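# Tertiary structure, described
Residue-level listing of the chains:
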Amino acid sequence: MNKGYFGEFGGQYVPEGLLPYLNNIEQKYNELKDSDSFKSRLKSLLKEYVGRPSPLYFAKNLSKNIGCKIYLKREDLNHTGAHKINNTLGQALLAKSMNKKEIIAETGAGQHGVATATAAALLGMKCKIFMGKVDTIKQKLNVQRISLLGAEVITVERGSGILKDAVDEALGYLIENPEVFYLLGSVVGPHPYPTIVRNFQKIIGEEAKMQIIEQEGRLPDYLIACVGGGSNAMGLFYDFINEENVKLIAVEPAGKGLEPGNHAATLTLGSPGIIHGFKCYLLQDNEGNPADIHSIASGLDYPGVGPEPSMLKDSNRLILGSVTDVQAINAFNYLSRIEGIIPALETSHAIAFILEHSSMFNKDDIIIVNLSGRGDKDVETVLQSNS
Ligand SMILES: Cc1ncc(COP(=O)(O)O)c(C=O)c1O
C-alpha cells in the first residue's frame, strides 16, 4: 500500500482483484521506458505524427495589453488539438507491447477520447471511450470525431453524467475485463498512472525550458496552467519544480462561484480524501463521497486532482487561482480576437487568470502559459452564451 506516494497522496486504494493488473502495468512500463526501441519509436511519433516540438509563441498583442512578456506553449497545435496525445501515444505503445488488443479510456472534454481513439487507430487496436451523458452533449464534435476514428463511445448515464461518472464506469469495466488496457487521461488514478502520465507529459516543460532560454536567455518568472486532473500543469511544471525563482500558478474552475456545488476548485477548497483508487485533495461530503461540482469546462469538472499537484500544494510550491465560467468565456472571446487563437474552455481558465490579475505582473516579467488545447469543441457553447 505504500507504493506510488507523493507525500501523503497517491497510493493504490483499489479492490485487491485490480492489484495484479496495476503491478503488471508498472513492471512493463519500467522495463519499456528506458529501452532504446521504445524511446526512438515514441520520439519519432511525437515528431512526425504529433508535430513536436510545439512552438513557444510570443503573444505580442496580449503582452502589450497586460504589460509583461507572455509566451504561449502551443499544445493546441498538436495533432488532435491538445496535450492529451503526448500521453495516449506513450500508453498505447505500452499497451501494444503488452499484447493488449483493446484499449478503454474515460473522457470529459472529449480531447482525451479523441487522442486515445487516434492512438488506437494508428496501432490497430479496438477502443471504447466512456463519456458522461452531459459531456456527450456539451462536446458533441469530439463524440463525432471519436466515432469517425473507429472507436465506440459508451454514454454513461449514472450520477451527474460527467467525467467522474465516466471514470467510475471505465474502472468498473476494467475490473470485469482485466484483459483490456485502461489508458488513463490525467495524472490521477491508482499508482502507477500518475507517474506514467506525468512522465509522458513532462516533454512540454522540457521543450519550453529550452525554447525560453533560446528566445529570452533566461528562465521565466511564472508558469501558468489550468488544472482538471493536473496533466497539462504537471507536464509544464515538472522540469521547473527545482527552479525556485519560477513561480507555478495552477488555475482551477470557480464555476458559478465558490459556494459548495457550484465549482470544481479542488486544490483551493478540497480536503484530503480518496477517489478512484488514490488519495488527493477532494471536494467531498461529510461521508467522504465526492461532492456535487460544476464547471462549464467538461475537462476541469472533476472533484479530485492528481496526487503530485496535491503534494505541491502542501509544500507551498503552487500559487492557486480560480476563475469563473463567465471569466473563462470572456478569456475565450478575448484571446480569439486579440491573438487569432481560439483556446479550449479549459485553457481559457489559464488565460483568464492573467486577465483578472494583470496587476500582479511587472513589466519585465516573463510568463509561459500552457495553451493546452484548441477551442473548436466549445464554439457552440460560447456562441450560445455570447448571444
Ligand atoms: C484542452 C484541455 N486542457 C486541460 C484539460 C484538463 O486536464 P488536465 O488537468 O489533465 O490537463 C483538458 C481535459 O480534458 C483538456 O481537454
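Cut-offs and rules
- Residues numbered from 1 in each chain as written.
- Predicted model: local features only at pLDDT ≥ 70, side-chain atom pairs only at ≥ 80, totals over all residues.
- Buried ≥ 20, exposed ≤ 12 C-beta atoms within 10 Å, placed from the backbone.
- Helix = DSSP H or I, 4+ residues; strand = E, 2+ residues; numbered from the N terminus.
- Pairing = 2+ DSSP bridges.
- Right-handed = clockwise from strand over helix to strand, strands pointing away.
- Near = placed C-beta within 6 Å.
- Nonpolar A, V, L, I, M, F, W, Y, C, P; charged D, E, K, R; others polar.
- Domains from an automatic or database assignment.
- Contact = placed C-beta atoms within 7 Å.

### A look at the pairing of strand E10 (residues 247–255)
Successive residues of a regular strand alternate their side chains across the two faces of the sheet. Counted residue by residue, E10 has eight buried out of nine residues, so it is predominantly covered. Taken together, the five bridges between strand E9 (residues 222–226) and E10 define a ladder with parallel strand orientation. Note on E10: the bridge partner recorded for Leu 223 is Leu 248. Chirality of the crossover, the property in question, places the unit of E9, helix H11 (residues 231–237) and E10 among those that are right-handed. Note that E10 and strand E13 (residues 318–324) share seven bridges and pair parallel. If you follow Ala 250 over to E13, its bridge partner there is Leu 320.

### Some words on the site of the ligand
Ser 186, Gly 228, Ser 231, Gly 299 and Gly 373 are the nearest of the 21 residues found near the ligand. Secondary structure elements with two or more residues in the shell around the ligand: helix H5 (111–123), H11 and helix H15 (345–356). Split by residue class, the shell around the ligand holds seven nonpolar, 13 polar and one charged. Counting residues domain by domain, the shell around the ligand receives three or more from each of domain 1 (5–45 + 83–198) and domain 2 (51–82 + 202–386).

### Description of the domain arrangement of the protein
The assigned domain composition of the protein is domain 1 (5–45 + 83–198) and domain 2 (51–82 + 202–386). One C-alpha centre belongs to domain 1, the other to domain 2, and the line joining them spans 22 Å. Contacts between domain 1 and domain 2 engage 39 residues on the former and 45 residues on the latter. Counting residues per element, the ones that place at least two in the side of domain 1 that touches domain 2 are strand E2 (9–10), helix H4 (84–97), H5, helix H6 (133–138), helix H7 (140–148), helix H8 (163–176) and helix H9 (193–201). Residue classes in the side of domain 1 that touches domain 2 are distributed as 18 nonpolar, 15 polar and six charged.

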